[in-house]
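Inside the fold
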Amino acid sequence: MPEPASTYTMGYDEDFLQMLHWRSAETHAKHLLPHLEPGLRMLDFGCGPGTLSVGLARAVEPGEFHGIDIESSQIDMARAAAEAGGHSNASFQVADVTDLPFDDNTFDVAHCHTVLMHVPDTDAVLAEVRRVLKPGGIISCRELIAASSFSEPAYSLAGAWETFTKLVVANGGHPQMGRELKAKLLDGGFADVQATASVDMFSTPEARAVLDAVITEWFFSPKVMAAATASGLATQEQFDTWKVDQAKWRDHPGALGAIAFGEAIATKP
């Protein structure tokens, strides 16, 4: 059977980009920041719109920071964010993480956030990142653990989370990658793996609004519902029920949501 094509399940709709802009290096790369220092040369692969990149670039200034993403619109936003923040050490380019445009042994640090979960051939990605890291350099990954993510009150929304998980798998992805990171990195030739975990909690009104917008405008979009129903992953009746229960969740004073992540830092021997 041929390897599934790499497809970014989440797409680039405005509501999902709103969630990306809600992220920062301080909140979503917290496990990595103590390992960074001025002067390091760093790669951010799958950098997206650069919301984490600008904080990471700041941490290694005046060291070189390079961000790559396969989507040109994301690179445009990352460049604009770096320019607005005055991060002259940061540069961005369109590139494929399985074929990086860098020489061997180039970087001290490589970072990704929710990238490996979307790439069918994670072994190829890790091999390429390992190639461009210097001996003794580190890789840092933070990836989804879909099975530990939830909405509360749950109502029937556990079924919606399960369908999202199946959509990622159907696109060749790995929705539980966060709990597989340690083994993946060791299999990829890395050493000294430090594995941790953290949870993004959506409890405040502002945070709940961000999560609700993604669920309502992305998961319940005609495009996603059509893909799920055509693939037999869910029925329109299920989506209709989930919409009702999402509205109940939205209005419940005790509602919260959680997205769980596994984190790992490892060294190239």
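My aim in this report is to walk through the structure given alongside it, one point at a time. (Residues numbered from 1 in each chain as written. Predicted model: local features only at pLDDT ≥ 70, side-chain atom pairs only at ≥ 80, totals over all residues. Heavy atoms only, no water.)

Right, let's get into the overall build of the protein. Tallying secondary structure elements over the protein gives 10 helices and 8 strands in all. Relative to the globule expectation of 18 Å for 269 residues, the C-alpha radius of gyration of the protein, 19 Å, shows essentially globular dimensions. Taken over the C-alpha atoms alone, the protein extends approximately 55 × 45 × 30 Å along its principal axes. Counting across all 269 residues of the protein, residues that qualify as buried make up 51%. Partitioning the intrachain contacts of the protein with sequence separation of at least 6 by distance along the chain shows that 80% fall at a separation of at least 24. Seen as two clouds, the 19 positive and the 36 negative side-chain charges of the protein have centres 3 Å apart. (Helix = DSSP H or I, 4+ residues; strand = E, 2+ residues; numbered from the N terminus. Rg over C-alpha atoms; globule rule 2.2 N^0.38 Å. Buried < 20%, exposed > 50% of the residue type's maximum accessible area, 1.4 Å probe, protein only. Contact = heavy atoms within 4.5 Å. Lys, Arg positive; Asp, Glu negative; His and termini not counted. Charge placed at Lys NZ, Arg CZ, Asp CG, Glu CD.)

With that out of the way, let us pick up the pattern of salt bridges. On inspection of all chains with the given rule, the structure shows 11 salt bridges. Residue Glu263 is joined to Arg142 by a salt bridge in which the shortest nitrogen-to-oxygen separation is 3.1 Å. Taken together, the residues span a long stretch of sequence, with Glu263 in strand β8 (residues 256–267) and Arg142 in strand β5 (residues 133–144) at a distance of 121 residues. An identical accessibility class is assigned to Glu263 and Arg142; each is buried. A salt bridge links Asp245 to Lys248; the shortest N-O distance between them is 3.5 Å. Here the residue Asp245 and the residue Lys248 both occupy positions in helix α10 (residues 236–251), the gap between them amounting to 3 residues, near one helical turn. The exposure class of Lys248 is partly exposed, given its relative accessible area of 42%. When salt bridges with common partners are traced through the structure, they connect Asp104, Glu128 and Arg131 into a single cluster. (Salt bridge = Lys/Arg side-chain N within 4 Å of Asp/Glu carboxyl O.)

This part covers unusual backbone geometry. A negative phi angle is the norm for most residues apart from glycine, just as the trans form is the norm for most peptide bonds. Look at the link from Glu61 to Pro62: it is a cis peptide, with omega at 5 degrees. Position of Pro62 relative to the elements: it lies in the loop between α3 (53–60) and β2 (65–69). Glu152 connects to Pro153 through a cis peptide bond whose omega is 0 degrees. Mapped onto the fold, Pro153 is located in the loop between β6 (150–152) and α6 (157–170). Positioned with a positive phi, Thr114 is a non-glycine residue whose angle comes to about 50 degrees. Note on placement: Thr114 falls in the loop between β4 (107–113) and α5 (122–132). For Thr114, a relative accessible area of 14% corresponds to the buried category. Even without being a glycine, Tyr155 presents a positive backbone phi close to 45 degrees.

Tracing the backbone shows Arg23 in the loop between α1 (14–21) and α2 (25–28). Asp200 is the oppositely charged side chain nearest to the buried, salt-bridge-free Arg23, at an N-O distance of 4.9 Å. Arg23 has contacts with His28, Thr51, Leu52, His113, Thr114 and Phe261, leaving out every residue within four places of it along the chain.

Going through the model one piece at a time under the given rule, you end up with 9 aromatic pairs. Here the aromatic rings of Trp218 and Phe219 are separated by 6.2 Å at their centres, their planes lie at 40 degrees, and the arrangement is tilted. The same class applies to Trp218 as to Phe219, namely buried. Members of the aromatic cluster, joined through ring pairs, are Phe164, Trp218, Phe219, Phe220, Phe239 and Trp242. The positively charged end of Arg142 is found above the aromatic ring belonging to Phe261, 4.1 Å away from the centroid. For the cation-ring pair, Arg208 lies above Trp249, with the distance from its terminal atom to the ring centre recorded as 5.6 Å. (Phe/Tyr/Trp six-rings, centres within 6.5 Å; stacked < 30°, edge-to-face > 60°. Lys NZ or Arg CZ within 6 Å of the ring centre and 35° of its normal.)

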